[in-house]
Amino acid sequence: QVQLVESGGGLVQAGGSLRLSCAASGSTFGINTMGWYRQAPGKQRELVATIRSGGSTTYADSVKGRFTVSRDNAKNTVYLQMNSLKPEDTAVYYCNLKRGPYDRDYWGQGTQVTVSS
C-alpha cells in the first residue's frame, strides 16, 4: 500500500503564491507518475499538473506559466509551486501517484486552497 500526505494549502489573496507538498510512504517501489488534481465545488476533478519519473511534465492550460510541478525521487515527494493565484484556482487539491506496471492510482486526502479576490 501507499500513503500520501499533503501539506501547504490555505487561504491567499489573488496574485499570491502557495506551495503544496505531497510525501509518499509505504510501498513506493515502481512509482511512475506523481502529480496534482483539483476539484472545485460542483465541478469534476481535473488534472492540474503531473511529472513522470524521468522528469517530463504535463500541465492544464489554465495553469501553464503560473504553476510548476517538481519531484524529489529520493524523498518520494512531489511539489506544486503556485504563483499568480486567481480566485478560479480555489479548489481542493489532491495528490496523485501512479505505481506499477498498470499505473495503479493512489490519492491523498486533499488540501483546500482558497484564493480571495
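Look up: the structure comes first, before these words.
Residues numbered from 1 in each chain as written. Predicted model: local features only at pLDDT ≥ 70, side-chain atom pairs only at ≥ 80, totals over all residues. Heavy atoms only, no water.

Within the largest apolar cluster, 28 residues are counted, with the highest numbers of intra-cluster contacts made by Trp36, Leu80, Met82 and Tyr93. For this core, the secondary-structure elements that each account for two or more residues are strand E1 (2-7), strand E3 (18-26), strand E4 (31-39), strand E5 (46-51), strand E7 (67-72), strand E8 (77-82), strand E9 (91-99) and strand E11 (111-116). Apart from residues no more than four positions distant in its own chain, Leu80 is found in contact with Leu18, Arg19, Leu20, Trp36, Val48, Ala49, Phe67, Thr68, Val69 and Tyr93. (Core = buried A, V, L, I, M, F, W, Y, C linked by side-chain atoms within 4.5 Å. Buried < 20%, exposed > 50% of the residue type's maximum accessible area, 1.4 Å probe, protein only. Helix = DSSP H or I, 4+ residues; strand = E, 2+ residues; numbered from the N terminus. Contact = heavy atoms within 4.5 Å.)

Among the nine residues in E4, seven count as buried, and that is most of the element. The sheet contact formed by E4 and E9 spans seven bridges and is antiparallel. Its bridge partner being in E9, Gln39 is matched across the sheet by Val92. Taken together, the five bridges between E4 and E5 define a ladder with antiparallel strand orientation. The residue of E5 that forms the bridge with Trp36 is Ala49. A loop of six residues connects E4 with E5, the two strands running antiparallel in sequence, and Gly42 in this loop sits at a positive phi of about 80°. (Pairing = 2+ DSSP bridges.)

Here the structure, examined in full by the defined rule, presents one aromatic pair. Geometrically, the ring pair formed by Tyr37 and Trp107 is edge-to-face, given 5.1 Å between the ring centres and 70° between the ring planes. Remark: Trp107 occurs in strand E10 (residues 104-107) and Tyr37 occurs in strand E4; sequence separation between them is 70 residues. Under the relative-accessibility criterion, Tyr37 is labelled buried at 15%. When its relative accessible area of 37% is taken as the criterion, Trp107 is described as partly exposed. Over the aromatic face of Tyr79 sits the side chain of Arg19, whose NZ or CZ is 4.1 Å from the ring centroid. (Phe/Tyr/Trp six-rings, centres within 6.5 Å; stacked < 30°, edge-to-face > 60°. Lys NZ or Arg CZ within 6 Å of the ring centre and 35° of its normal.)

Let us look at the side chain of Thr33. On the secondary structure map, Thr33 appears in strand E4. Residue Thr33 is classed as buried on the basis of its relative accessible area, which comes to 6%. At a separation of 3.2 Å, a polar atom in the side chain of Thr33 contacts the side chain of Arg52. In this structure Thr33 touches Thr50, Ile51, Arg52, Arg71, Asn96, Leu97 and Lys98, once residues within four positions along its chain are discounted. (Polar contact = N/O pair within 3.5 Å; in protein donor to acceptor, adjacent residues only side chain to side chain.)

Our focus in this paragraph is unusual backbone geometry. Phi at Ser84 takes a positive value of approximately 50°, unusual for a residue other than glycine. Relative to the helices and strands, Ser84 is located in the loop between E8 and E9. Its relative accessible area of 40% is what places Ser84 among the partly exposed residues. The phi torsion at Asp103 lies on the positive side, around 50°, for a residue other than glycine. Secondary-structure assignment places Asp103 in the loop between E9 and E10.

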